[in-house]
Amino acid sequence: MNRFMLFFHKLGSPPWFYQFSGRLLPWLWTVFLVLAATGIYLGLVKAPPDYLQGESARIMYIHVPSAYLSMMIYALMAVMGFIALVWHVRISEIMMISSAPVGAMFTALALITGSLWGRPTWGTYWVWDARLTSELVLLFLYLGIMGLYAAHDEPRKAARAAALLAIVGVVNLPIIHYSVLWWNTLHQPPSLTTGGSSIHPSMLWPLLVMIVAWKIYYIANLLDRAREKLLDQDRNKRWVADLAHGDKT
Amino acid sequence: MHPTRKRRMIGLLVIIAGVGLASAVTFYALRQNMLFFVSPADIAEQQLPMGREFRLGGLVVPGSVKRAEDGLAVEFQVTDGSDSVTVNFDGILPDLFREGQGVIARGSLETPERFMAREVLAKHDENYMPPEVAEALEERGMHYRPNNDSEGG
């Protein structure tokens, strides 16, 4: 077994996961705070206003990273759900279900900031175009996954049922992403693509910093939630008792 | 791979393929209804019924905007490059409404060339830049369009 595979196998062991994530977390939160502060300063103070939209374009420094994360988290949840369903890895189930609240928060944030931006730019808070509607469906998928998990008494069965819903909902991701290209929408096509960016570099840098900050936030928040769930599920296990008595495991 | 796991994996992949195919077929069937707006060329082509409400999208023809002396009434041309339609609107236009910019108007046709709008929304494109850059480009007679492959507007 090579070192990479060994790392993943170890990550599947609850005590090892708990210890490893505990060491990582203070670093993650520090990096997040530094990046978010830098990104917000660059975006709200340093970056120039847009030639057409003026100051309201600054909403994108929150909106674009949130929308990006809302989809990235969902994709990761589907991957973790797949692992949970095929291999029955408990850490994977916990990570999948612990991602849902963060994903739902970013989706709601993307919808709210987009709506606040839409009012001065488009002239309306909301329209039922393909992009906005499919993003709203994504929010309902997140809420559905959380609801399904909460409705079941047995946490492992609940997580697997929720994982199936997460996997089925993956069809919505290409719809959200390509909605602005496949159909006529009020929402504009993507500014950031694999082919490049149509955002001026002075405005692009703060945006990229914010995207990385949001990613780190997701990882840190996810690990915090997963650790809590793990302790709760394993409260009668030996390693938790050892931990409570102050033994280093 | 363990046979049970292999079976579960195949089951899941079949579910993913099935759901993907079902939604692809559904969206293909609904493709006309999924359009948020129609273009002037669609109107010229399809003979849309008079008085039926729909959304018209396109660029405001530069120099075509005529405002009423008193009140909010405004008239302008919307084009998609091949055809154009005259739009009448009596209301508050969004801040981003400019000549040459994209708009989406909700309303109905009075005659095949005249569209009575009840609501006008501005469509923003994917370009973001500081005012100085836009001015500099304007002076050199250029238009900032790095993503030529996407439809923009």
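### Examining the overall build of chain B
In terms of regular secondary structure, chain B is built from three helices and six strands. The N-to-C order of helical and strand elements in chain B reads α-α-β-β-β-β-β-β-α. Whereas a compact globule of 153 residues would reach a radius of gyration of roughly 15 Å, chain B reaches 22 Å, over 25% beyond that. Summarising its shape, the C-alpha atoms of chain B cover approximately 80 × 45 × 25 Å along the three principal directions. Within chain B, buried positions represent 38% of all 153 residues. Here the analysis covers contacts within chain B between residues at least 6 apart in sequence; of these, 49% occur between residues at least 24 apart.

### Digging into the environment of B:Met9
Examined against the element boundaries, B:Met9 turns out to sit in helix α1 (residues 3-29). Accessibility expressed as a relative area gives 21% for B:Met9, which makes it partly exposed. Among residues more than four places away in sequence, those in contact with B:Met9 are A:Phe82, A:Val86, A:Trp87 and B:Met1.

### Structural notes on the packing of aromatic side chains
Aromatic rings in a pair are described by how distant their centres are and how their planes are angled relative to each other. All names here are of chain A. The tally for this structure, following the rule as stated, stands at 18 aromatic pairs over all chains. Judged by centre distance (5.2 Å) and plane angle (55°), the ring pair of Phe-32 and Tyr-217 falls under tilted. Pair noted here: Phe-32 is in helix α2 (residues 14-46) and Tyr-217 is in helix α8 (residues 201-233), with a separation of 185 residues, a long-range link. Each ring, one from Trp-182 and one from Trp-183, has its centre 5.5 Å from the other, and the planes form 85°; the classification is edge-to-face. On the accessibility criterion, Trp-183 (6% relative accessible area) is buried. Geometry around Tyr-125 places Arg-119 over its ring, the cationic atom sitting 5.7 Å from the centre. One residue, Arg-227, lies across the ring of Tyr-18, its end atom 4.0 Å from the ring centre.

### Topic: helix α6 (residues 155-168) of chain A
Between its first and last C-alpha atoms α6(A) spans 20 Å; for 14 residues at 1.5 Å apiece the expected length is 20 Å, and the two agree. The complete set of buried residues in α6(A) reads A:Ala158, A:Ala159, A:Ala162, A:Ala163, A:Ala166 and A:Ile167. Turning to α6(A), the residues buried within the fold contact α3 (60-87), α4 (90-121) and α5 (130-151) of chain A together with α1 of chain B.

### Some thoughts on the interface of chain A and chain B
On the chain B side, the residues contacting the 46 residues of chain A number 43 residues. Taken together, the links from chain A to chain B amount to zero salt bridges. If you look at where chain A meets chain B, you find 15 residue pairs in polar contact (both at pLDDT 80 or more). Elements supplying a minimum of two residues to the side of chain A that touches chain B: α3, α4, α6, α7 (172-182) and α8 of chain A. Along the lines of polarity and charge, the residues of the side of chain A that touches chain B split into 29 nonpolar, 15 polar and two charged.

### Re the pairing of strand β4 (residues 84-90) of chain B
Residues and elements named next belong to chain B. Of all seven residues in β4, five are buried, a share of seventy percent or more. Across seven bridges, the pairing between strand β3 (residues 73-79) and β4 is antiparallel. Bridging from a neighbouring strand, Val-78 pairs with Val-85 of β4. Hairpin connection between β3 and β4: a loop of four residues separates the two successive antiparallel strands, and Gly-81 in this loop has a positive phi of roughly 105°. When β4 meets strand β6 (residues 114-123), the two strands line up parallel, connected through four bridges. Each residue of the ladder has a partner; that of Val-87, found in β6, is Phe-115.

### Notes on the domain arrangement of chain B
Partitioning chain B into domains gives domain 1 (1-34) and domain 2 (37-139). Computed over C-alpha atoms only, the centres of domain 1 of chain B and domain 2 of chain B are separated by 41 Å.

### Topic: the pattern of salt bridges
Residues and elements named next belong to chain B. If you walk through the whole model with that rule in mind, you get twelve salt bridges over all chains. Across the pair Arg-106 and Glu-53 runs a salt bridge whose closest N-O atoms are separated by 3.1 Å. In this pair, Arg-106 sits in strand β5 (residues 102-111) while Glu-53 sits in the loop between α2 (40-46) and β1 (54-60), placing the two residues 53 residues apart along the sequence. A relative accessible area of 41% places Glu-53 in the partly exposed class.

### Comments concerning α2(A)
Residue and element names in this part refer to chain A. A rise of 1.5 Å per residue sets the reference length of α2, with its 33 residues, at 48 Å; its end C-alpha atoms lie 44 Å apart and thus fit the reference within 8%. Taking the largest bend as the criterion, α2 deviates by roughly 35°, centred on Leu-24, and proline Pro-26 comes between one and four positions later. Among all positions of α2, only Pro-14, Phe-17, Tyr-18, Ser-21, Leu-25, Leu-28, Phe-32, Ala-36, Gly-39 and Gly-43 are buried. In this structure, the buried side of α2 is in contact with α1 (3-11), α3, α4, α8 and α9 (238-244).

Rules used throughout
- Residues numbered from 1 in each chain as written.
- Chains lettered and ligands numbered in written order.
- Predicted model: local features only at pLDDT ≥ 70, side-chain atom pairs only at ≥ 80, totals over all residues.
- Heavy atoms only, no water.
- Helix = DSSP H or I, 4+ residues; strand = E, 2+ residues; numbered from the N terminus.
- Rg over C-alpha atoms; globule rule 2.2 N^0.38 Å.
- Buried < 20%, exposed > 50% of the residue type's maximum accessible area, 1.4 Å probe, protein only.
- Contact = heavy atoms within 4.5 Å.
- Phe/Tyr/Trp six-rings, centres within 6.5 Å; stacked < 30°, edge-to-face > 60°.
- Lys NZ or Arg CZ within 6 Å of the ring centre and 35° of its normal.
- Expected span 1.5 Å × (residues − 1).
- Salt bridge = Lys/Arg side-chain N within 4 Å of Asp/Glu carboxyl O.
- Polar contact = N/O pair within 3.5 Å; in protein donor to acceptor, adjacent residues only side chain to side chain.
- Nonpolar A, V, L, I, M, F, W, Y, C, P; charged D, E, K, R; others polar.
- Pairing = 2+ DSSP bridges.
- Domains from an automatic or database assignment.
- Bend = angle between axes of the 7 residues up to and from the residue.

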